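# Working through the structure, step by step
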Amino acid sequence: MIKTETGKSTLEDQIEKFLYREVRLLDERRFEEWTDLFAEDGFYWVPAYPNQKDPYKTVSLFFDDKNLMRTRLSRLDHPKIHAQKPPSRTVHVVSNIEIDQNHETPGEILVHSTLQMMEFRLNKQTIYGGRVQHLIRKKEGNFELAWKRVDLINCDGVFEPLAIPF
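Bear in mind that the values here come from a model prediction, so they are computed numbers and not experimental data. (Residues numbered from 1 in each chain as written. Predicted model: local features only at pLDDT ≥ 70, side-chain atom pairs only at ≥ 80, totals over all residues. Heavy atoms only, no water.)

### Focus on helix H3 (residues 66-75)
Along H3, the residues classified as buried are Lys66, Met69 and Leu73. Each buried residue of H3 sits inside an arc of 55° when the element is viewed along its axis, so together they form one side. With respect to the buried face of H3, the exposed residues turned more than 90 degrees away are Asn67 and Arg75. On its buried side, H3 packs onto helix H2 (31-36), strand E1 (38-47) and strand E2 (60-65). One side-chain oxygen of the residue at the start of H3 lies 3.2 Å from the amide nitrogen of Asn67, identifying that residue as Asp65. (Buried < 20%, exposed > 50% of the residue type's maximum accessible area, 1.4 Å probe, protein only. Helix = DSSP H or I, 4+ residues; strand = E, 2+ residues; numbered from the N terminus. Arc of directions from axis to C-beta. Contact = heavy atoms within 4.5 Å. Polar contact = N/O pair within 3.5 Å; in protein donor to acceptor, adjacent residues only side chain to side chain.)

Okay, here's the thing in structure tokens:
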């Protein structure tokens, strides 16, 4: 752990731990806790096209506000959901974490990273990869996600049904 002369961890270290916790919640299928990381006005976006600028004018793989996230993810535990029988097992790997020094909105931190997610289901393993942006706000001594954007390198490819967030 990186510490300052006073023994406190740096902002970079705190952000890194926050992102590691975020993906651990997904891997452990703790979807409600993952959704709780988002601000009330937060959203999760996975564009369907490279360099997509606006989720309102084109289709996306995911574009969910907090309420839609809760609805979508609560269905994954429903006994009659066929898309997750058996449930996916995932592991997320986050790397190349960088704080964007050019983002100048007070109280917000723009973070860039890369992501790989391995999903195993029905004797098949699938690997997804891409670049991620998180807009993080400081809140009551902790962080919350204003938004998360995942740009998959194959976003315009053909997918089997996607259920687990990246």
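Picking up after the structure, the text goes on.
### A closer look at the sheet that holds strand E3 (residues 89-99)
Spatially, 6 strands are ordered E2-E1-E6-E5-E4-E3 in an open sheet, and the strand pairing comes out mixed. Pairing within the sheet leaves two strands with one partner each, and these edge strands are E2 and E3. Between one strand axis and the next, the sheet turns through 20° on average, direction left out of account. Across 10 bridges, the pairing between strand E5 (residues 124-139) and strand E6 (residues 142-152) is antiparallel. Residue pairing across strands places Gly130 opposite Leu152, the latter belonging to E6. Helix H1 (residues 11-27) contacts E3, strand E4 (108-121), E5 and E6 of the sheet and is inclined by roughly 165° relative to E3. (Pairing = 2+ DSSP bridges. Axes fitted to C-alpha atoms, helices over the stretch in contact; angles between N-to-C directions.)

### What about the pattern of salt bridges?
Enumeration according to the criterion identifies 14 salt bridges in this entry. The residue Arg30 makes a salt bridge to Glu28 at a minimum N-O spacing of 2.5 Å. One salt bridge in this structure joins Asp36 and Arg70, with 2.7 Å as the shortest N-O distance. Of this pair, Asp36 sits in helix H2 while Arg70 sits in helix H3, and the two are 34 residues apart along the sequence. When its relative accessible area of 30% is taken as the criterion, Arg70 is described as partly exposed. Each of the salt bridges in this network shares a partner with another, and the network as a whole consists of Asp41, Glu108, Arg137, Lys139 and Glu144. (Salt bridge = Lys/Arg side-chain N within 4 Å of Asp/Glu carboxyl O.)

### What about the packing of aromatic side chains?
Under the counting rule described, the total for this entry stands at 11 aromatic pairs. For the pair Tyr44 and Phe62, a centre-to-centre distance of 5.6 Å together with 50° between the ring planes defines the contact as tilted. One end of the pair, Tyr44, is in strand E1; the other, Phe62, is in strand E2, and 18 residues separate them in sequence. With respect to class, Tyr44 is no different from Phe62; both count as buried. Look at Trp45 and Phe63: their rings are 6.2 Å apart centre to centre, the planes differ by 70°, and that puts the pair in the edge-to-face class. Taken together, the residues span a long stretch of sequence, with Trp45 in strand E1 and Phe63 in strand E2 at a distance of 18 residues. Assessed through its relative accessible area of 6%, Trp45 is described here as buried. A connected cluster of aromatic rings, assembled from ring pairs, spans Trp34, Phe38, Tyr44, Phe62, Tyr128, Phe159 and Phe166. (Phe/Tyr/Trp six-rings, centres within 6.5 Å; stacked < 30°, edge-to-face > 60°.)

Note that all results are geometric; they support no functional claim without further evidence.
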